[in-house]
Amino acid sequence: MIIIKITKYKAQIIFIILLIIMVSSVFVWNKIIPKDEKKEETNPIDVSDANNVPSIDAKLGTDIRITTGYLLNYTTKKSGIWYMSSGYIKTIKANKEETTLTISEDKDSSNTLEAIISQNINLKKGTTIYFVGNIDLSNGQLKLSTIDQTPINFKNVTEISFNDLYNNITLLSKTTFTISGYMITDNDTYKLFDSKTTYQNNNYPGNYFLINWRDSFNLTGNDNVKITCSLKGTYELADCILQ
């Protein structure tokens, strides 16, 4: 009889322990795990050290998660970098106002970049040149300031091989950015600011992106949004879709 009671009490104790474990598991699932998921969803989608252009350049070719402010900082700095490199003129076309060149690493390379300089230069196809210029983010062209047949002695420029420059521009054109920011609508014009505060205090060009949507549709009102786009220029986004 005593043995039966002890066995009965043991079963009740085991049942209570199991019940406590089950209740605790439900509590953990409903409280802790959703909290972690919410934390992940609300984390800023900034790139680490996004104020540093090379840190974003290293991620080109993938979908980069970033805020509007950081992307504006990147595009502004990127378009202002002067690159110094060398290459081989595959084609050249000049008029009184400017010269357009197609440049490759060497005679046999099929990787080419288009470059423009605002002057008529006296060079021929097949010439190896040294050049300094920056990148036009709207079309990937090089906007050159100097061309020479001998090495250029410039300070405050970024020296880069032609292939690295080509790869950087190519990857930039293929990169999509998932951007968080504050969007305002003005009829058929859409602007993306870093935040509502930025919009209220700094509503002028250079502090927002113009948005070009991939599909035609109408949006109204102002709100925080997350969109995925490619770059169309220093202050313009293209092929945007709403997340």
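## As for the pattern of salt bridges
Stage number 1. Counted under the stated rule, the structure contains two salt bridges.
Stage number 2. Its salt-bridge partner being Glu 236, residue Lys 232 comes within 3.7 Å of it at the nearest N-O pair.

## Things to note about the packing of aromatic side chains
Stage number 1. A full pass over the atoms with the stated rule returns four aromatic pairs.
Stage number 2. Arranged with centres 5.7 Å apart and planes meeting at 85°, the rings of Tyr 190 and Trp 213 form a pair that is edge-to-face. Here Trp 213 lies in strand 10 (residues 209-213) and Tyr 190 lies in strand 9 (residues 189-193), a separation of 23 residues in the sequence. When sorted by exposure, Tyr 190 lands in the same class as Trp 213, which is buried.
Stage number 3. A network of ring pairs unites the aromatic residues Tyr 182, Phe 193, Tyr 199 and Tyr 208 as a single cluster.

## Side note on the state of the cysteines
Stage number 1. Evaluation of the coordinates by the stated rule reveals one disulfide.
Stage number 2. In this model Cys 229 forms its disulfide with Cys 240; the gap between the sulfur atoms is 2.2 Å. Judged by the sign of its S-S torsion, about 120°, the cystine formed by Cys 229 and Cys 240 is right-handed. With Cys 229 in strand 11 (residues 223-233) and Cys 240 in strand 12 (residues 236-242), this residue pair connects regions lying eleven residues apart in the sequence.
Stage number 3. Take Cys 229: its relative accessible area is 1%, and that puts it in the buried class.

## Observations concerning helix 4 (residues 162-174)
Stage number 1. With 13 residues, helix 4 ought to run about 18 Å at 1.5 Å a step, and its terminal C-alpha atoms sit 19 Å apart, in line with that.
Stage number 2. For helix 4, the set of buried residues is Phe 162, Leu 165, Tyr 166, Asn 168, Ile 169 and Leu 172. Buried residues of helix 4, viewed axially, fall in a sector of 160°; they line one side.

## With respect to unusual backbone geometry
Negative phi values dominate among residues other than glycine, just as trans dominates among peptide bonds.
Stage number 1. If you check the backbone angles, Asn 187 has positive phi at about 60° while not being a glycine.
Stage number 2. On the secondary structure map, Asn 187 appears in the loop between strand 8 (176-186) and strand 9.
Stage number 3. Residue classification places Asn 187 among the exposed residues on the basis of a relative accessible area of 70%.
Stage number 4. If you check the backbone angles, Asp 239 has positive phi at about 55° while not being a glycine.

## A word on the confidence of the model for the chain
The predicted coordinates should not be examined in detail at positions where pLDDT is low.
Stage number 1. Overall, the prediction assigns the chain a mean pLDDT of 86, with 79% of residues at 70 or greater.
Stage number 2. The weakest mean pLDDT in the chain belongs to helix 1 (residues 2-42) at 52; the strongest belongs to strand 4 (residues 112-117) at 98.
Stage number 3. Long-range and interchain partners of residues 31-42, a stretch whose pLDDT sits below 50, account for four contacts in this model, where long-range means more than four residues apart.

## Things to note about the nonpolar core
Stage number 1. Counting 45 residues, the largest nonpolar core has Ile 227 and Leu 237 as the members making the most contacts within it.
Stage number 2. The leading source of residues in this core is helix 4, at five residues.

## Observations regarding the side chain of Thr 178
Stage number 1. With respect to the helices and strands, Thr 178 occurs in strand 8.
Stage number 2. Engagement of the side chain of Thr 178 in a polar contact is seen with the side chain of Asp 63, the distance being 2.9 Å.
Stage number 3. A distance of 3.1 Å separates the side chain of Thr 178 from the side chain of Thr 228, its partner in a polar contact.

Definitions and limits used
- Residues numbered from 1 in each chain as written.
- Predicted model: local features only at pLDDT ≥ 70, side-chain atom pairs only at ≥ 80, totals over all residues.
- Heavy atoms only, no water.
- Salt bridge = Lys/Arg side-chain N within 4 Å of Asp/Glu carboxyl O.
- Phe/Tyr/Trp six-rings, centres within 6.5 Å; stacked < 30°, edge-to-face > 60°.
- Helix = DSSP H or I, 4+ residues; strand = E, 2+ residues; numbered from the N terminus.
- Buried < 20%, exposed > 50% of the residue type's maximum accessible area, 1.4 Å probe, protein only.
- Disulfide = S-S within 2.5 Å.
- Expected span 1.5 Å × (residues − 1).
- Arc of directions from axis to C-beta.
- pLDDT = per-residue confidence, 0-100.
- Contact = heavy atoms within 4.5 Å.
- Core = buried A, V, L, I, M, F, W, Y, C linked by side-chain atoms within 4.5 Å.
- Polar contact = N/O pair within 3.5 Å; in protein donor to acceptor, adjacent residues only side chain to side chain.

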